[in-house]
Amino acid sequence: EPNVPGRPTRSSNFRTNGPQQRPANTYVGRVDYNIGAKDRVYSRFHGNWGDTIIQPIYPVPGTDSVNTSDDNSYYSISGTWFRNLTPSTINEFRVSMDYRDLIRQAGGVGTGLNGKIGLKGVEQDFFGQFNLTGLAGFGIGEQYRLQKPIRNDLFVNHTTLIRGSHSIKFGVEHRFAANEDKHWGLAGGTFSFNNVATGDSLAALL
């Protein structure tokens, strides 16, 4: 129902806040260890887990254009080993592994609303997007995306030679990256209604 006093019908007559939750946890740890006179190692861990949840503002959850959730998690593990092969020859071996997940979905995902209203030819467990000329619509266009896993692995080995006033560094590096992306952006459908046929976009929707 309209909640802005004095505004004429269909003229920005509803206003509300979209409650947003953003709980997050971040962890960082590092260990340094000298094995002996020639060897030293260190390792590091960094992790971040956080959600962004925008609550629904329409009475039926999942039908408005702001109700979304993002589940984003990330962690990184790395380690480095330095070894003094001789007083003038140093070897460095490093490993790094990054892993991230992203689950982004509209509030209509999992509601089964498409099936309940008998909308055929689209994902029945979702709720579609409905655009109405001159009016606020229903649903969201970016409906579901799953990126899992997003990986970046790094393996490096470097050797440094010091000869008098000269320093020579050589080595090898290997990188591996992967991103498995399942994107069902409009699986629930998208529909637009204008006022050409009926003079009223809401009447066209009905």
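Everything that follows concerns the structure shown earlier in this document.
First, a word on scope: everything that follows refers to the structure included in this document.

Definitions and cut-offs
- Residues numbered from 1 in each chain as written.
- Predicted model: local features only at pLDDT ≥ 70, side-chain atom pairs only at ≥ 80, totals over all residues.
- Heavy atoms only, no water.
- Helix = DSSP H or I, 4+ residues; strand = E, 2+ residues; numbered from the N terminus.
- Rg over C-alpha atoms; globule rule 2.2 N^0.38 Å.
- Pairing = 2+ DSSP bridges.
- Axes fitted to C-alpha atoms, helices over the stretch in contact; angles between N-to-C directions.
- Core = buried A, V, L, I, M, F, W, Y, C linked by side-chain atoms within 4.5 Å.
- Buried < 20%, exposed > 50% of the residue type's maximum accessible area, 1.4 Å probe, protein only.
- Contact = heavy atoms within 4.5 Å.
- Phe/Tyr/Trp six-rings, centres within 6.5 Å; stacked < 30°, edge-to-face > 60°.
- Lys NZ or Arg CZ within 6 Å of the ring centre and 35° of its normal.
- Salt bridge = Lys/Arg side-chain N within 4 Å of Asp/Glu carboxyl O.

Helix and strand counts for the protein come out as 2 helices and 10 strands. Moving toward the C terminus, one meets the helices and strands of the protein in the order β-β-β-β-β-α-β-β-β-β-β-α. Relative to its length of 206 residues, the protein is extended, with a C-alpha radius of gyration of 28 Å against a globular reference of 17 Å. Expressed as lengths along the three principal axes of its C-alpha atoms, the size of the protein is roughly 90 × 35 × 30 Å.

Take the sheet that holds strand E7 (residues 135–138) next. Across the sheet, which stays open at both edges, the 3 strands sit in the order E7-E6-E10 with mixed pairing between neighbours. Pairing within the sheet leaves two strands with one partner each, and these edge strands are E7 and strand E10 (190–193). In this sheet, adjacent strand axes meet at a mean angle of 15° when their direction is disregarded. In terms of strand pairing, strand E6 (residues 129–132) meets E7 through 2 bridges, oriented antiparallel.

Moving on: the nonpolar core. Counting residues in hydrophobic clusters, the biggest one holds 6 residues: Leu113, Leu119, Val122, Phe127, Phe130 and Leu132. Setting aside chain neighbours within four positions, we find Leu132 in contact with Gly137, Phe138, Phe193, Ser201, Leu202 and Leu205.

Attention now moves to the packing of aromatic side chains. In the structure shown here, the tally under the stated rule is 8 aromatic pairs. Measuring from ring centre to ring centre gives 5.3 Å for Phe127 and Phe130, while their planes differ by 40°; the resulting arrangement is tilted. We classify Phe130 as buried; its relative accessible area is 8%. The interplanar angle of 20° and the centroid separation of 5.3 Å between the aromatic rings of Phe130 and Phe191 together place this pair among those described as stacked. Taken together, the residues Phe130 in strand E6 and Phe191 in strand E10 connect sequence positions 61 residues apart. Chaining the aromatic ring pairs together yields one cluster made of Phe45, Tyr75 and Tyr99. Against the face of Tyr42 rests Arg30, its NZ or CZ located 4.1 Å from the ring centre. The ring of Phe82 is capped by Arg40, whose NZ or CZ atom sits 4.4 Å from the centre of that ring.

This paragraph deals with the environment of Ala197. Checked against the element boundaries, Ala197 lands in the loop between E10 and helix H2 (201–205). Classification of Ala197 by relative accessible area gives exposed; the value is 76%. The sequence separation of Ala197 and Asp153 amounts to 44 residues, and the corresponding C-alpha distance is 57 Å.

This part takes up unusual backbone geometry. In this structure, the amide linkage connecting Lys148 to the following residue, Pro149, adopts the cis form with an omega of -5°. Following the sequence through the fold, Pro149 ends up in strand E8 (residues 144–163). You will see that Arg10, though not glycine, has its phi angle at about 65°, which is positive. The residue Arg10 is located in the segment before strand E1 (20–21) in this model. Residue Arg10 is classed as partly exposed on the basis of its relative accessible area of 44%. Positive phi, close to 50°, is recorded for Ser12, a residue that is not glycine. Accessibility expressed as a relative area gives 60% for Ser12, which makes it exposed.

Using the criterion set out here, one finds 8 salt bridges in the structure. Asp32 is the partner of Arg30 in a salt bridge, and the nearest nitrogen-oxygen pair spans 3.0 Å. With a shortest N-O distance of 2.7 Å, Arg94 and Glu92 are connected by a salt bridge. A relative accessible area of 25% means that Arg94 is categorised as partly exposed. According to the relative accessible area criterion, Glu92 is buried, its value standing at 16%.

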